[in-house]
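Descriptive analysis of the structure
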Amino acid sequence: MGVTTQKYDILTRVAVGNGALVYRAVDKTSNRQVALKLLVQEGDLDHRFNVDALLADSGKLTAITGAHVCQLLDAHTDEDGPVLIYEFANGISGVELPSTRKLEGANALDVAAQLVSALRSGERQKCPHGDVKPSNTVFVDLPDGRLFMLVLDWGLTAY
């Protein structure tokens with residue numbers, strides 16, 4: 001990952017998704033942890049994005065911010081392909097949540113309100129999420145025992 005590794009220290013691979021490899025890394029300038037999402041086209045991993053349009057619109061996607069939005073920080077093409085750089089969200093995947101937690105009524109309402117908050121963030125930028133599903137959410141435990149939700153991969157289905 002030529003340009004990417006000049007800017008980031010890659011720590012570990014954290015996920016293999018539909019057409020992407022995701023790595024946890026540290027920005028060498030700011031020491032901020034980030035997630036590098038490398039869009040790949042190999043064997044079973046085949047991104048279905050219009051990469052040129054995605055990169056051209058990356059400024060629009062980086063403008064989507066909010067307490068419950070895992071923000072896209074940057075996007076570029078590297079020698080290994082297109083790379084999306086996100087805030088790193090260290091928590092429990094929405095896929096894993098049901099097997100690790102049972103949400104009681106008040107907690108479920110709190111999570112629902114957080115999801116609505118995230119969706120409104122995208123709507124303010126006129127960019128709907130388009131693919132809300134458990135694998136596009138991460139939950140972080142707060143000190144008071146509540147869950148804090150982050151929504152990932154904003155707007156990628158548009159490309």
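Here the structure is shown first, and the text comes after it.
Residues numbered from 1 in each chain as written. Predicted model: local features only at pLDDT ≥ 70, side-chain atom pairs only at ≥ 80, totals over all residues. Heavy atoms only, no water.

1. Let's talk about the pairing of strand S10 (residues 147-151)
- Of all five residues that make up S10, four are buried, and the element is covered over most of its length.
- Inspection of the sheet shows strand S9 (residues 137-141) paired to S10 by five bridges, in the antiparallel sense. Along S10, the bridge assignment pairs Phe139 with Met149.
- Taking the residues that link successive antiparallel strands as the turn, the S9-S10 hairpin has five residues, and the phi of Gly145 there is positive, at about 95°. (Buried < 20%, exposed > 50% of the residue type's maximum accessible area, 1.4 Å probe, protein only. Helix = DSSP H or I, 4+ residues; strand = E, 2+ residues; numbered from the N terminus. Pairing = 2+ DSSP bridges.)

2. Observations regarding the environment of Ala108
- Along the chain, Ala108 turns up in helix H5 (residues 105-124).
- Judged by relative accessible area, Ala108 falls into the partly exposed class, the value being 32%.
- For the pair Ala108 and Leu147, spaced 39 residues apart in sequence, the C-alpha separation works out to 9.4 Å.

3. A short note on the sheet that holds strand S3 (residues 33-39)
- Sheet architecture is open: five strands sit in the order S1-S2-S3-S7-S6, paired in antiparallel fashion. In the strand order of this sheet, the two ends are held by strand S1 (8-17) and strand S6 (72-78), each with one partner. Across the sheet, the mean angle separating the axes of adjacent strands is 25° when strand polarity is ignored.
- Looking at chain direction, strand S2 (residues 20-27) and S3 are connected through seven bridges and run antiparallel. In the strand pairing of S3, Ala25 is matched with Val34. (Axes fitted to C-alpha atoms, helices over the stretch in contact; angles between N-to-C directions.)

4. A closer look at the sheet that holds strand S8 (residues 92-93)
- The strand order across the open sheet built from three strands is S8-S9-S10, with neighbouring strands paired in antiparallel fashion. The open sheet has two edge strands with one neighbour each: S8 and S10.
- Most of the contacts of H5 go to S10, to which it runs at about 30°, and overall it touches S9 and S10. (Contact = heavy atoms within 4.5 Å.)

5. What about unusual backbone geometry?
- Phi is positive for Asn31, close to 65°, though the residue is something other than glycine.
- The phi angle at Asp153 is positive, at roughly 55°, despite the residue not being glycine.
- Residue placement: Asp153 occurs in the segment after S10.
- Residue Asp153 is classed as buried on the basis of its relative accessible area of 15%.

6. Quick word on the state of the cysteines
- Under the counting rule described, the total for this entry stands at zero disulfides.
- Not part of a disulfide, Cys70 finds its nearest cysteine sulfur in Cys127, a span of 15 Å.
- A residue is classified by how much of its surface remains accessible, and Cys127, at 5% relative accessible area, is buried. (Disulfide = S-S within 2.5 Å.)

7. Digging into the pattern of salt bridges
- Evaluated as defined, the whole model comprises seven salt bridges.
- Residues Arg146 and Asp110 are paired through a salt bridge, measuring 3.1 Å at the closest nitrogen-oxygen approach. Of this pair, Arg146 sits in the loop between S9 and S10 while Asp110 is found in helix H5, placing the two residues 36 residues apart along the sequence.
- The salt bridge partner of Lys133 is Asp131, with a shortest N-O separation of 3.2 Å.
- When its relative accessible area of 30% is taken as the criterion, Lys133 is described as partly exposed.
- On the basis of relative accessible area, Asp131 is assigned to the partly exposed category, the value being 26%.
- It is possible to trace a salt-bridge network through shared partners that takes in Asp110, Asp144 and Arg146. (Salt bridge = Lys/Arg side-chain N within 4 Å of Asp/Glu carboxyl O.)

Worth remembering: the numbers are spatial, not functional.
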